[in-house]
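Breakdown of the fold
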Amino acid sequence: MARKKIALIGAGNIGGTLAHLIGLKELGDVVMFDVFGGVAAGKALDIMQSSPVDGFDSHMTGGSDYSAIAGSDVVIITAGFPRMPGMSRDDLVAKNAGVIATVAEGVKTHCPDAFVIVITNPLDAMVLVFQEKSGLPPEKVVGMAGVLDSSRFRLFLAQEFGVSVEDVTAFVLGGHGDTMVPLVRYSTVAGIPVPDLIKMGWSTQEKIDAICTRTANGGGEIVKLLERGSAFYAPAASAIAMAESFLKDKKRVLPCAAYLSGQYGIDGLYVGVPVVIGAGGVERVVEIALNAEEQAAFDKSCAAVKELIEASRKLVG
Ligand code: TXD
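The residue count restarts for each chain, going from 1 along the sequence in the order it is written. Selection of residues for local features in this predicted model requires a pLDDT of at least 70, selection of side-chain atom pairs for listing and counting requires 80 or more, and totals for whole chains, interfaces and linings are taken over all residues. Hydrogens and waters are ignored; side-chain quantities use all the structure's heavy atoms.

1. Some details on the nonpolar core
The criterion is simple. A nonpolar core is a set of buried Ala, Val, Leu, Ile, Met, Phe, Trp, Tyr and Cys residues joined through side-chain atoms within 4.5 Å. For each residue, the accessible area found with a 1.4 Å probe, counting protein chains only, is set against the maximum for its type, and the residue is called buried under 20%, exposed over 50%, and partly exposed in between. In this structure, I77, V116, I117, F130 and Y264 are the most contacted members of the largest nonpolar core, which totals 87 residues. Split by domain, the residues of this core number at least three in each of domain 1 (5-143) and domain 2 (146-316). In what follows, residue pairs with any heavy atoms lying within 4.5 Å of each other are defined as contacts. Those residues in contact with Y264 that lie beyond four places of it in its chain are L173, V273, P274, V285, V286, E287, I288, L290, Q295 and F298. Delimitation of the domains relies on an automatic or database domain assignment.

2. Here we look at the domain arrangement of the protein chain
Taken as a whole, the protein chain is organised into domain 1 (5-143) and domain 2 (146-316). Each of domain 1 and domain 2 has a C-alpha centre, and the two are 22 Å apart. The interface of domain 1 with domain 2 comprises 43 residues on the first partner and 44 residues on the second. Here domain 1 packs against domain 2, burying approximately 3,500 Å² in sum over the two surfaces, 73% of which is carbon and sulfur. Whenever Lys or Arg places a side-chain nitrogen within 4 Å of a carboxyl oxygen from Asp or Glu, that contact is recorded as a salt bridge. For the interface between domain 1 and domain 2, the tally reads one salt bridge. Across the salt bridge formed by E244 and K25, the nearest N and O atoms sit 3.6 Å from each other. Pairs of N or O atoms are called polar contacts if they sit within 3.5 Å, as long as, within protein, a hydrogen donor faces a hydrogen acceptor (for residues adjacent in sequence, only side-chain-to-side-chain pairs). At the boundary of domain 1 and domain 2, one finds five residue pairs in polar contact (both at pLDDT 80 or more). For the side of domain 1 that touches domain 2, the elements supplying multiple residues, two or more each, are α1 (13-24), β4 (74-77), α4 (93-110), β5 (115-118), α5 (123-134) and β6 (141-143). Split into classes, the residues belonging to the side of domain 1 that touches domain 2 amount to 27 nonpolar, six polar and ten charged. Note: buried area is the sum, over both parts, of the accessible area (probe 1.4 Å) each one loses when the two are combined. Put simply, DSSP marks the helices as runs of H or I at least four residues long and the strands as runs of E at least two long, and each gets a number from the N terminus on. Gly counts as polar in this scheme, as do all residues outside two lists: the nonpolar Ala, Val, Leu, Ile, Met, Phe, Trp, Tyr, Cys and Pro, and the charged Asp, Glu, Lys and Arg.

3. Considering unusual backbone geometry
Here N121 and P122 are connected by a cis peptide whose omega angle stands at -5 degrees. Tracing the backbone through its elements, the reader meets P122 in the loop between β5 and α5. At A190, a residue that is not glycine, the phi angle is positive and equals roughly 45 degrees. Residue position: A190 is located in the loop between β10 (188-189) and β11 (192-193). Non-glycine residue D249 carries a positive phi angle of around 50 degrees. Along the chain, D249 falls in the loop between α10 (233-247) and β12 (252-261).

4. Digging into the UniProt feature "domain: Lactate/malate dehydrogenase C-terminal" (unreviewed entry) in the protein chain
UniProt positions are given in the numbering used here, feature names are shortened, and annotations may be inferred rather than shown by experiment. In the numbering adopted here, UniProt assigns the feature "domain: Lactate/malate dehydrogenase C-terminal" (unreviewed entry) to residues 148-312. Secondary structure content for residues 148-312 is 47% helix and 22% strand, and the end C-alpha separation is 24 Å.

5. Brief notes about the side chain of S72
Relative to the elements of secondary structure, S72 occurs in the loop between β3 (60-63) and β4. By relative accessible area, S72 is classed as buried at 4%. At 2.7 Å, the side chain of S72 and the backbone oxygen of I69 are in polar contact. In this view, S72 contacts K5, A7, C111 and A114; residues no more than four positions away in its chain are not counted.

6. Describing the packing of aromatic side chains
Put simply, two rings from Phe, Tyr or Trp (the six-membered ring, in Trp's case) pair if the centres are within 6.5 Å, and we call them stacked under 30 degrees between planes, edge-to-face over 60, tilted for the rest. Applying the stated criterion to the full structure yields seven aromatic pairs. Residues F33 and Y66 carry aromatic rings whose centres are separated by 3.9 Å and whose planes lie at 25 degrees to one another, so their mutual orientation is stacked. With a gap of 33 residues between them, F33 in strand β2 (residues 29-33) and Y66 in the loop between β3 and β4 connect regions that are remote in the sequence. With centroids separated by 5.3 Å and ring planes inclined at 50 degrees, the aromatic side chains of Y264 and F298 adopt a geometry described as tilted. With a gap of 34 residues between them, Y264 in the loop between β12 and β13 (267-278) and F298 in helix α11 (residues 292-316) connect regions that are remote in the sequence. As far as the burial class goes, Y264 and F298 line up, both buried. The criterion is that NZ of a Lys, or CZ of an Arg, lies within 6 Å of the ring centre and within 35 degrees of the ring normal, and then a charge sits over that ring. The ring of F81 is capped by K95, whose NZ or CZ atom sits 4.8 Å from the centre of that ring.

7. A look at the site of the ligand
Only a single heavy atom is needed: when it lies within 4 Å of a molecule or strand, its residue is near that molecule or strand. The environment of the ligand is formed by 29 residues, the closest being N13, I14, D34, I119 and M144. Between the ligand and the protein, one listed contact pairs an oxygen atom with a backbone N or O atom of G80 at 3.2 Å. Within the backbone of N121, an N or O atom sits 3.2 Å from an oxygen atom of the ligand. Accessible areas in this description were obtained via Shrake-Rupley with a 1.4 Å probe; residue shielding takes into account the shown protein chains only. Out of a free accessible area of 870 Å², the ligand has 90% covered by protein chains. Its atoms largely coinciding with the cavity grid, the ligand occupies the largest pocket. Every element with two or more residues in the shell around the ligand is listed here: α1 and α4. Counted by class, the shell around the ligand contains 17 nonpolar, ten polar and two charged residues. Two domains each put at least three residues into the shell around the ligand: domain 1 (5-143) and domain 2 (146-316). In this analysis the probe radius is 1.4 Å and the grid spacing 1 Å, with only protein atoms considered; a cavity is a set of points the probe fits into but cannot get out of, a pocket is an open set with protein on both sides within 12 Å along at least five of seven lines, and lining residues have an atom within 4 Å of a point. Assignment of a molecule to a cavity or pocket requires that more than half of its atoms lie within 2 Å of the corresponding grid points.

8. Some words on α1
Owing to its 3.6 residues per turn, the α-helix brings residues three or four apart onto one side. For α1, built from twelve residues, the straight-helix expectation of 16 Å at 1.5 Å per residue is met to within 8% by its first-to-last C-alpha distance of 17 Å. Buried within α1 are the following residues: I14, G15, G16, T17, L18, A19, I22 and G23. Once α1 finishes, E26 follows within two positions and takes phi at roughly 45 degrees, a positive value. Take the number of residues in a helix, subtract one, and multiply by 1.5 Å to get its expected span.

Below you can see the structure in the form of structure tokens.
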């Protein structure tokens, strides 16, 4: 079986980490693209030079010529500008919508059959801009946010309960950002729902509420600490989980920004929901029944996504 080909558009902090993880996991060969072609080429060469030490075979190249991404199986997009301190994700819309429109043109021309994962913020708006501008089928275009948000939620819950992160599952819905909706009743420790754990005295409602707030502000917490740039290790790991599920047809159930056409009462928007990712891309949207409080939070989140989309439409048409 020939090796898979993975194109990384954007060779910044997340792009470089993605390439390293792809090598370590032997997921395929890597082509990195960046407007700064030297950075892409330098990172590709540096990571490939680690391959004899770590024992992986992966061919990596970098540059600023779109034709190099031809025939890619997966494209992961991080191109754009990161959030700086004091800047909200939403402030990024003006800068990044134009970048994504250009990237969409490159992907449409050179690898229209690829499975595309968009990471660039503001995520829910950028993934729709990409899908509309590229014309790729909606099931082959997803946004990465929910895996990261739920990973943060899982970590904080595991720390609160004093158990392994492996045994904590978490469920988040909605847009990426401050309006994200952590679903506590679907979050568990080895199958025991968090509300039951509260009843069992493992934690209190106040502590769980504080964890939900910390999760929703998880990106901002890191931006504040780093002072320049935003999180990149956990975002890269999250996108790799999605790419791996596609490449290996694992059919994992992962929260992703997926195109909704009527599910959850939403039509024509990308919003974070649990989906099954397999060789066909997004093979299924998991639609659960929400209670009134959850529905209200979800609707609020969708309204925030809609606002962003309108803002980006004004900028790139
Ligand atoms: O959950 C999520 N979706 C996110 C999203 C979590 C964390 C960070 N998130 C966003 O990802 C962040 O707000 C940014 O919009 C992207 C990429 O973050 P990263 O930390 O990798 O940013 P960098 O290091 O600035 O890298 C961006 C690269 C940089 O090398 C630029 O030269 C390049 O993008 N760039 C371009 N490449 C190709 N084509 C164009 N037009 C272009 N413009 C800039």
